[in-house]
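Reading the structure
Each chain, written out:
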Amino acid sequence: MLRILLFILIGFVCYTTRAQDVLPSFGSSRTGGSGMQFLKIAPDARSTAMGGAVIGLVNDVSALYWNPAGITGLDTGKVSIMASHTRYFANNTVNFAGVVFKPGKLSYVGISVMSLNFADMDETTEFQPFGTGRKVNVNNTLIGLTYAKILTQSFSFGMTGKWAHEAIGDVQTNDILFDLGLKYNIGLMGSRFGVTFSNFGMNVSPEGNVSILKLSGIQKVNNFSEVSAPAAFRVGVAFDPINKGIHKLTLAGQLNHPTDNNETFSTGAEYSLKRLLHVRTGWEFGADEGYNFPPIGMGIKLPYSKYLLSFDYSMVSKQRLGNLNRITLALTIR
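Just so you know, these numbers come straight off a predicted model, no measurement behind them. (Residues numbered from 1 in each chain as written. Predicted model: local features only at pLDDT ≥ 70, side-chain atom pairs only at ≥ 80, totals over all residues. Heavy atoms only, no water.)

Comments concerning the overall build of the protein chain
Keep this limit in mind: Elements are defined by DSSP. Helices are runs of H or I of four residues or more, strands are runs of E of two residues or more, and each kind is numbered from the N terminus. When a residue's accessible area, from a 1.4 Å probe over protein chains only, is under 20% of the maximum for its type it is buried; when over 50% it is exposed; and in between it is partly exposed. Note on definitions: a residue-residue contact is assigned when non-hydrogen atoms from the two residues lie within 4.5 Å. Under the convention used here, a 1.4 Å probe and the Shrake-Rupley method define accessible areas, while residue burial counts only the protein chains that appear.
A count of helices and strands for the protein chain gives three helices and 19 strands. Expressed as a percentage of its 334 residues, the buried residues of the protein chain come to 46%. In the protein chain, the share of contacts with a sequence separation of at least 24, taken over all contacts with a separation of at least 6, comes to 54%. As displayed, the protein chain has an accessible area near 16900 Å², and 62% of this comes from carbon and sulfur atoms.

Topic: unusual backbone geometry
Here Lys274, not a glycine, exhibits a phi torsion of approximately 60°, which is positive. Tracing the backbone through its elements, the reader meets Lys274 in the loop between β15 (264-273) and β16 (277-285). For Lys274, a relative accessible area of 52% translates into the label exposed.

Structural notes on the pattern of salt bridges
This is how the line gets drawn: Definition used for salt bridges: Asp or Glu carboxyl oxygen within 4 Å of a side-chain nitrogen of Lys or Arg.
Counting across every chain of the model gives ten salt bridges. A salt bridge links Lys135 to Asp122; the nearest nitrogen and oxygen atoms lie 2.6 Å apart. With Lys135 in strand β5 (residues 135-136) and Asp122 in strand β4 (residues 121-122), this residue pair connects regions lying 13 residues apart in the sequence. There is no split in this pair, since Lys135 and Asp122 are both exposed. Here Arg134 makes a salt bridge to Glu123, at a shortest N to O gap of 2.6 Å. Placement of the pair is Arg134 in the loop between β4 and β5 and Glu123 in the loop between β4 and β5, with a sequence separation of eleven residues. The exposed category is assigned to Arg134, whose relative accessible area is 51%. Connected through shared salt-bridge partners, Arg46, Asp60, Glu270, Arg280 and Asp312 make up one network.

Quick look at the environment of Phe155
Looking at the element boundaries, Phe155 is found in strand β7 (residues 155-168). A relative accessible area of 15% places Phe155 in the buried class. Residues Phe155 and Ile186, spaced 31 residues apart in sequence, show a C-alpha to C-alpha distance of 9.1 Å.

Things to note about the nonpolar core
The condition that has to hold: Take the buried Ala, Val, Leu, Ile, Met, Phe, Trp, Tyr and Cys residues and link them wherever side-chain atoms come within 4.5 Å; each set so joined is a nonpolar core.
Counting 35 residues, the largest nonpolar core has Phe38, Leu39, Trp66, Ile71, Val100 and Met114 as the members making the most contacts within it. Mapped onto this core, the elements with two or more residues apiece are α3 (63-66), β2 (93-101), β3 (107-117), β6 (138-150) and β19 (322-333). Setting aside residues no more than four positions away along its own chain, Met114 makes contact with Phe38, Ile41, Pro43, Tyr65, Val94, Asn95, Phe96, Asn140, Thr141 and Leu142. In terms of nonpolar packing, the next biggest core, distinct from the first, is built from nine residues, Phe193, Phe197, Ala231 and Phe233 among them.

A look at a nonpolar patch on the surface
Which entries qualify depends on this criterion: Like charges within 9 Å and nonpolar side chains (Val, Leu, Ile, Met, Phe, Trp, Tyr) within 5 Å are joined into patches, using only residues over 30% in relative accessible area that form no salt bridge.
Nonpolar side chains collect at one region of the surface, where Leu277, Val279, Met298, Ile300, Leu302, Leu309, Phe311, Ile327 and Leu329 lie side by side and expose about 710 Å² of accessible area between them. Counting only elements with at least two residues in the nonpolar patch, the list comes to β16, β17 (291-304), β18 (307-318) and β19. Along the chain, Leu309 turns up in strand β18. Given the relative accessible area of 40%, Leu309 is considered partly exposed.

Everything listed here is a matter of geometry and, on its own, says nothing about what the molecule does.
Structure below.
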């Protein structure tokens, strides 16, 4: 236990030192200090219904995004599959798919893909504010490969290597990123906690060409400043104050420390009836965009023979972005 706490402390110190060295200071919030903002969009329904407070309890395929160590909690004899769709603002969509299988007795491997899809947009310039007649395509893609292992009955770890791609028109950015996750089951009232370091990588420069119309004529630009990914350090805890018979109540709390924004604190609750019906809610304190009302969500598990089918839904109502609806489907083959 002491070694784990020491690891967390050293990691946090290294993390904060890295953030201060790499990123300039933009006041206390550090807002706007990184690119590839699509990496911060939560892809699944369960986590968003609980305010994102799932680092310490996530135990399904969505752990490929949240905490790679969490996939060791999957009860999968053969394979577990998840697909999620988010109806994002301005008619944009976020899609996520992941698969986890168990090649060894204590080892897990996962593959994940996430994309943020925009409709074609009209190109505008300072001199042509109503459009140039051309369309601009925006593409954001993330592909990850995860390995996780159970080290002891209570402790597991996981790591993910990711390729992130962001393209706007003729300019694109590619980066190799890494996640590290830990999960520890304390045992008292089902208490457990998790730690993650997400989206760590080198700063990279976009590639491509941009034509800028100036008074002196058209100027070509192909040299861009370096950008960094939105790295984040998260610590989450969860416990089950009620876990008797057909009833189970899980409460969770989580501290979020991003490199490009203020720290936030998330709380979440999940009530389960017979482990089949789930009702969820949560809240994130300190976020730039507030809620109209707390996030809400529900989930249904349908076991049949060697199969387990899950359906989850969440709605997050933002004050300016409106309602964000997410649907997640998962299938486990034991």
